[in-house]
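Breakdown of the fold
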Amino acid sequence: MEAALSPLARLWLYRAAVLVHLGAVVVWFGAVAYYPLILRPALRASAVERKAKYVILGAVKARLKIVVGGAVIALAASGLTLGWLRGFVGAGQATGVFHHRLFLVKLALGAALIVVFLTALPLLQQVQVPTRRARLFLATHLVVLALGLIAAGVGILLSR
Ligand code: HEM
């Protein structure tokens, strides 16, 4: 496969992978940032009644599973493609120890974020006290945003 790709094809595959990677980051973390920065304050300011609020949040969660689910797949696929093109993964590993360790950190952060995406909502549904569930829901968003920022920083270090 490696021999099959011409340098020009590799260059365009790299550019396409970076575009998909950054697009997936924008969609995933944009959706996560939307709740604490826009939806939650708007629901509080609108004083919408509790029952209607839960209906809106339920519809948002259903949509989020589809949209963010797609972004997670695109991010992991483009990230592994970038890792292969840069020699961080696969038979022809050609990177220094620093970049290789950075890539392993990136993989660990990516895996942690995917585990949170897959488990947070089902686990939060187990919390019976509505105020505690709401606080944990907000805290989860803030932790994911922080991990995303770190992953982006590691990604920028990796790319140079
Ligand atoms: C799922 C696991 C992930 C893998 C395997 C991965 C892999 C990579 C690789 C190999 C690069 C270097 C690309 C290059 O050489 O230019 C990179 C860059 C980057 N990654 Fe990731 N990544 C992952 C998750 C994430 C996450 C969760 C974020 C942020 C929330 C992120 C944000 C970035 C950014 C901003 C860059 C710099 C793009 C550039 O300037 O080239 N990545 N990623």
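This text goes with the structure placed above it.
First, a word on scope: everything that follows refers to the structure included in this document. Everything quoted here is computed from the prediction, not taken from an experiment.

Turning our eyes to something else, we now look at the coordination of the iron atom of the ligand. Metal coordination angles have textbook ideals: 109.5 degrees for a tetrahedral set of four donors and 90 or 180 degrees for an octahedral set of six. Protein coordination at the iron atom of the ligand comes from His21 (NE2) and Lys106 (NZ), with a distance range of 1.8 to 2.1 Å. Its six donor atoms give the iron atom of the ligand angles of 83 to 177° at the centre, a pattern that matches the octahedral case. Highlighted residues: His21 in helix α1 (residues 7-46) and Lys106 in helix α3 (residues 97-124), separated in sequence by 85 residues. You can call His21 buried: its relative accessible area is 14%. Overall, the relative accessible area of 18% leaves Lys106 in the buried class.

Moving on, we get to α1. Between its first and last C-alpha atoms α1 spans 56 Å; for 40 residues at 1.5 Å apiece the expected length is 58 Å, and the two agree. A maximum bend of about 50° is found in α1 at Tyr34, where proline Pro36 lies one to four positions downstream. Within α1 the residues assigned to the buried category are Ala17, His21, Ala24, Trp28, Phe29, Val32, Ala33, Tyr35, Pro36, Leu39 and Leu43.

The rules behind these values
- Residues numbered from 1 in each chain as written.
- Predicted model: local features only at pLDDT ≥ 70, side-chain atom pairs only at ≥ 80, totals over all residues.
- Heavy atoms only, no water.
- Donors = N, O, S within 2.8 Å, 3.2 Å for Na, K, Ca; no water.
- Tetrahedral: all angles 85-135°; square planar, octahedral: opposite > 155°, others 65-115°.
- Helix = DSSP H or I, 4+ residues; strand = E, 2+ residues; numbered from the N terminus.
- Buried < 20%, exposed > 50% of the residue type's maximum accessible area, 1.4 Å probe, protein only.
- Expected span 1.5 Å × (residues − 1).
- Bend = angle between axes of the 7 residues up to and from the residue.

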